[in-house]
Amino acid sequence: MEFAESSNQVVSRKGVDFEFRRSFSSSPTTTRLPTTLLNNTKLRVPGSQVAYSDAVMSAAVAVPLHKLLESPNSRSIEIFDWFITASTNPISNAPECDALQATLGFPLPEMTFGRNVLTLEHRASGWKYTFTTDAALKAVKNGELVEGDGGVKVGYADQWLQSRTGPSSNLPMPVTVPTKSFDWTYTTAYTGHELPDESSQGPTTVWTPANPDNPAQCIPMAELTRPDPILFYAEIPLFEDELHDNGSSNLLVRIRVMPTCIFILARFTLRVDNVLFRTHDTRIYHSFASQPPVIIRETSGWEAPYDRVKRQLPKRDDLTPLTDPTFIAKVLTGLPSHVSQQEGAKTGWRELKRKVELAVLD
């Protein structure tokens with residue numbers, strides 16, 4: 001089941017992840033729900049209560065009372081004890097980039113959306129959780145890469161170096177200047193972060209490992225693939241870079257709120273041409289029915305050699321899917337775990353694993 005959000009975007013709920021077609025521009029706008037949703041759902045003006053047709057009310061789940069708020073660069077939803085805001089803004093300007101680069105200590109991605117943010121607040125407990133660009137980039141390795149960092153060379157780096165240093169080479173080495181080391185692929189395993197409340201100096205929520213044998217402590221795929229109405233949807237790009245024409249690196253956060261739950265997917269996708277593909281996903285799920293409120297957070301990392309993913313192309317001569325994060329993730333997660341989460345692309349990246357944690361809000 002699909003619904004169009006704009007002329008260049010389609011959102012699908014056939015799987016857990018959203019299928020969408022959208023290219024980042026220099027002035028991204030907050031994703032807006034159409035005036036007519038699934039089953040002829042109708043919206044009133046922003047800030048008012050949302051009324052639904054009899055068709056939706058007779059669906060498998062009842063639609064709870066909620067409120068939508070909207071401003072030029074943000075949208076919010078108030079539902080049960082939750083207040084959620086997604087803010088999207090144009091690419092950071094030069095002064096903003098200079099300030100952030102001075103803080104981080106390395107060059108910024110070509111497209112840095114420094115003012116984009118997703119914030120969740122559970123008012124009953126005071127718990128706040130957010131995704132921000134500066135925090136995501138702070139998780140990029142700054143300094144010499146060591147074992148476990150998953151360092152990557154471009155495909156021609158070894159051949160280029162050998163041609164200048166081999167015993168038969170008469171070519172002079174190029175003039176070089178010292179540069180500050182950092183992970184040029186902008187690989188980040190950022191999972192979002194908790195905002196401390198006014199009475200504490202830091203995060204207070206305790207995340208504990210989930211019991212894999214307890215279905216209540218896992219993200220319910222059946223619920224997420226069920227065709228329930230989407231009450232709120234937004235996608236928030238945090239950064240993107242073309243890696244000096246050697247591939248692509250980007251981080252995108254997406255959220256949807258349905259009558260029964262909240263679901264967030266933050267996906268980092270890396271393509272280094274002729275070398276590898278890498279994906280790191282953070283999924284956050286909350287059921288409105290959980291008492292006390294429980295947050296499930298699942299993090300997973302995968303990677304594989306470039307050619308291994310390329311072999312999965314539907315059409316051998318069409319490389320377009322290799323630029324689609326959804327296609328890349330589908331291929332990587334479909335490979336045997338010993339390939340994509342153990343051997344990977346032989347980088348030794350420490351995030352090639354899956355972890356599920358719980359937090360109880362009280």
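So, here is what we can say about the structure in this document. All values reported here derive from a predicted model rather than from experimental measurement.

1. Side note on the overall build of the protein chain
Moving on, step 1. Summing up its helical and strand segments, the protein chain has 8 helices and 16 strands in all.
Moving on, step 2. Counting only residues that meet the buried cut, the protein chain has 51% of its 362 residues in that class.
Moving on, step 3. Restricting to contacts in the protein chain with at least 6 residues of sequence separation, those with at least 24 account for 64%.

2. Describing unusual backbone geometry
Moving on, step 1. The linkage connecting Gln291 with the following residue, Pro292, adopts the cis geometry, with an omega of -5°.
Moving on, step 2. Counting through the fold element by element, Pro292 comes out in the loop between strand E14 (276-287) and strand E15 (294-305).
Moving on, step 3. Positive phi, normally seen in glycine, also occurs at His244, with a value near 55°.
Moving on, step 4. When you line up the elements, His244 lands in the loop between strand E11 (232-241) and strand E12 (247-257).

3. Some thoughts on the sheet that holds strand E10 (residues 208-209)
Moving on, step 1. Read across the open sheet, the 8 strands follow the order E6-E11-E12-E13-E14-E15-E16-E10; overall the sheet is antiparallel. With partners counted over all chains shown, the strands left at the sheet margins are strand E6 (111-112) and E10, one partner each.
Moving on, step 2. Sheet topology places E11 next to E12; 9 bridges connect them, and they run antiparallel. Paired with Pro237 across the bridge in E12 is Leu252.

4. Some remarks on the pattern of salt bridges
Moving on, step 1. In the structure shown here, the tally under the stated rule is 12 salt bridges.
Moving on, step 2. For Arg278, the salt bridge goes to Glu303, with nearest N and O atoms at 2.9 Å. Here the residue Arg278 occupies a position in strand E14, and Glu303 occupies one in strand E15, the gap between them amounting to 25 residues. Assigned by exposure class, Arg278 and Glu303 land together as buried.
Moving on, step 3. A salt bridge links Glu298 to Arg354, with the shortest nitrogen-to-oxygen separation between them at 3.4 Å. Placement of Glu298 in strand E15 and of Arg354 in strand E16 (residues 354-360) is noted, with a sequence separation of 56 residues between them.
Moving on, step 4. Relative accessible area serves as the criterion here: at 7%, Glu298 is assigned to the buried category.
Moving on, step 5. Residue class for Arg354 comes out exposed when judged on its relative accessible area of 53%.

5. Observations concerning the sheet that holds strand E3 (residues 66-71)
Moving on, step 1. Taken together, the 6 strands give an open sheet; going across it, the order is E3-E4-E5-E7-E8-E9, and neighbouring strands pair in antiparallel fashion. Looking along the sheet, the strands with just one partner apiece sit at the ends: E3 and strand E9 (193-195). Between one strand and the next, the sheet's axes are offset by a mean angle of 20°, whatever the strand orientation.
Moving on, step 2. Of the strand pairs in this sheet, strand E7 (residues 117-122) and strand E8 (residues 127-132) are connected by 6 bridges, and their pairing is antiparallel.

6. Here we look at the packing of aromatic side chains
Geometrically, a pair of aromatic rings is defined through the distance of the ring centres and the angle of the planes.
Moving on, step 1. Going through the model one piece at a time under the given rule, you end up with 12 aromatic pairs.
Moving on, step 2. Consider the rings of Phe239 and Phe268, whose centres lie 6.5 Å apart with planes at 50°: the pair is tilted. Here the residue Phe239 occupies a position in strand E11, and Phe268 occupies one in strand E13 (residues 261-272), the gap between them amounting to 29 residues.
Moving on, step 3. According to the relative accessible area criterion, Phe239 is buried, its value standing at 0%.
Moving on, step 4. By the ring-pair criterion, three or more aromatic residues cluster together here, those being Trp82, Trp127, Tyr129, Phe131, Tyr190 and Trp207.
Moving on, step 5. Here the guanidinium or amino end of Arg278 rests over the ring plane of Trp349, the centre of that ring lying 4.5 Å away.
Moving on, step 6. Looking at Arg297, its charged tip hangs above the ring of Trp207, at a distance of 3.9 Å from the centre.

7. Considering helix H7 (residues 325-334)
Moving on, step 1. The set of residues buried in H7 consists of Thr326, Phe327, Ile328, Ala329, Val331 and Leu332.
Moving on, step 2. Residues of H7 that are buried make contact with E13, E14, E15, helix H6 (306-310) and helix H8 (337-343).
Moving on, step 3. You can read the cap of H7 off the contacts: a side-chain oxygen lies 3.0 Å from the backbone nitrogen of Thr326, and it is on Asp324.

What counts and how
Residues numbered from 1 in each chain as written. Predicted model: local features only at pLDDT ≥ 70, side-chain atom pairs only at ≥ 80, totals over all residues. Heavy atoms only, no water. Helix = DSSP H or I, 4+ residues; strand = E, 2+ residues; numbered from the N terminus. Buried < 20%, exposed > 50% of the residue type's maximum accessible area, 1.4 Å probe, protein only. Contact = heavy atoms within 4.5 Å. Pairing = 2+ DSSP bridges. Salt bridge = Lys/Arg side-chain N within 4 Å of Asp/Glu carboxyl O. Axes fitted to C-alpha atoms, helices over the stretch in contact; angles between N-to-C directions. Phe/Tyr/Trp six-rings, centres within 6.5 Å; stacked < 30°, edge-to-face > 60°. Lys NZ or Arg CZ within 6 Å of the ring centre and 35° of its normal. Polar contact = N/O pair within 3.5 Å; in protein donor to acceptor, adjacent residues only side chain to side chain.

No statement about biological role is implied by the geometric values presented.
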